[in-house]
Amino acid sequence: GLRASAVGNHEFDGGFADGVSVRASADFNVTLGGRPGHQSLSAFYSTQDGTDLSTLGDILLPTPDPGAVSTKNRRYYFAYGFDQYLYRSRDNPDEGCGLFGNLGVSDGNPNGLRWSMYFGVGGTGLIRHGSRDRWGVGYYYDGISDYVKETLPIEDEQGVEVFYDFALAPWFSLGADLQ
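A. Structural view of the side chain of arginine 75. One can find arginine 75 in strand S5 (residues 75–88). As a buried residue without a salt bridge, arginine 75 has its nearest oppositely charged side chain in aspartate 107, at a separation of 6.2 Å. One polar contact links the side chain of arginine 75 to the main-chain carbonyl oxygen of aspartate 49, over a distance of 3.3 Å. When sequence neighbours within four positions are dropped, the list of residues in contact with arginine 75 reads Phe44, Tyr45, Ser46, Gln48, Asp49, Gly50, Asp107, Pro110 and Asn111.

B. Structural view of the sheet that holds S5. Here we have 8 strands laid out as an open sheet, ordered S1-S2-S5-S6-S7-S8-S9-S10, and antiparallel in their pairing. Strands at the two margins of the open sheet, each flanked by one partner only, are strand S1 (21–32) and strand S10 (172–178). The sheet shows a mean angle of 15 degrees between the axes of neighbouring strands, direction not considered. Sheet topology note: the strand S6 (residues 96–106)/strand S7 (residues 113–124) ladder contains 10 bridges and is antiparallel. Across the sheet, the residue bridging to valine 105 is tryptophan 115, located in S7.

C. Quick look at the environment of threonine 31. Tracing the sequence through the fold places threonine 31 in strand S1. Sequence separation between threonine 31 and tyrosine 85 is 54 residues; the distance between their C-alpha atoms is 9.0 Å.

D. Examining the pattern of salt bridges more closely. Taken as a whole, this structure holds 3 salt bridges when the rule is applied. Taking the shortest distance from any N to any O, the salt bridge between arginine 134 and aspartate 165 comes out at 3.0 Å. Here arginine 134 is found in strand S8 (residues 134–144), whereas its partner aspartate 165 is found in strand S9 (residues 157–169), with 31 residues between them in sequence. As a salt-bridge pair, lysine 149 and aspartate 146 come within 3.8 Å of each other at their nearest N and O atoms. Highlighted residues: lysine 149 and aspartate 146, both in helix H1 (residues 146–151), separated by 3 residues, approximately one helical turn. Take lysine 149: its relative accessible area is 25%, and that puts it in the partly exposed class. Here the residues in one salt-bridge network are Asp146, Lys149 and Asp156, joined through shared partners.

E. The arrangement of the packing of aromatic side chains in detail. On inspection of all chains with the given rule, the structure shows 7 aromatic pairs. Aromatic side chains phenylalanine 100 and tyrosine 118 sit 6.4 Å apart centroid to centroid with 50 degrees between the ring planes, which places their arrangement in the tilted category. Of this pair, phenylalanine 100 sits in strand S6 while tyrosine 118 sits in strand S7, and the two are 18 residues apart along the sequence. With a relative accessible area of 31%, phenylalanine 100 lands in the partly exposed category. Taking the centre distance of 5.9 Å and the plane angle of 50 degrees together, the rings of tryptophan 171 and phenylalanine 172 count as tilted. Overall, phenylalanine 172 belongs to the partly exposed group, its relative accessible area being 40%.

F. View of the pairing of S10. Bridging between S9 and S10 involves 7 bridges; their strand directions are antiparallel. In the sheet register, aspartate 165 faces S10, and the bridge partner there is glycine 175. Remark: 2 residues form the turn of the hairpin made by S9 and S10, two consecutive strands paired antiparallel.

Calculation rules
- Residues numbered from 1 in each chain as written.
- Predicted model: local features only at pLDDT ≥ 70, side-chain atom pairs only at ≥ 80, totals over all residues.
- Heavy atoms only, no water.
- Helix = DSSP H or I, 4+ residues; strand = E, 2+ residues; numbered from the N terminus.
- Buried < 20%, exposed > 50% of the residue type's maximum accessible area, 1.4 Å probe, protein only.
- Lys, Arg positive; Asp, Glu negative; His and termini not counted.
- Salt bridge = Lys/Arg side-chain N within 4 Å of Asp/Glu carboxyl O.
- Polar contact = N/O pair within 3.5 Å; in protein donor to acceptor, adjacent residues only side chain to side chain.
- Contact = heavy atoms within 4.5 Å.
- Pairing = 2+ DSSP bridges.
- Axes fitted to C-alpha atoms, helices over the stretch in contact; angles between N-to-C directions.
- Phe/Tyr/Trp six-rings, centres within 6.5 Å; stacked < 30°, edge-to-face > 60°.

This is the structure:
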């Protein structure tokens, strides 16, 4: 309910003192070769303070002296994503397989990732025709910020995932996942 004390109260004074973050995205339905898919663009920008990774030097994280590192107050991230059916059953539109992926890039400071991407293939109902089984194979690669790699013993990361979910009932599935 309303509080009488809220009248004349300036609760938003200093509301953006810690920074402002803005995210925008656009999603598009795309049909290629008569098969449905989606593509998207997204952007993120923030003025919120973050650790300036270029000033880390030989400081071990976390440092007991918060003043030992400086901050940076701007960051950005852009990404492109897609999913596209390669095959779709005429009898059951929920059954099919397709490609999916995403590619993103950031400033690399204060963001710990400079860029990242993943892509794969997945589907529903192809191994046991007509079932709700889900399956997929994917690959990812994360490009760590050079500032982080100079400070910590860390390298870019990559990996693969393979999964299969058996739909044993509409309300129960059993899955296997290898990463």
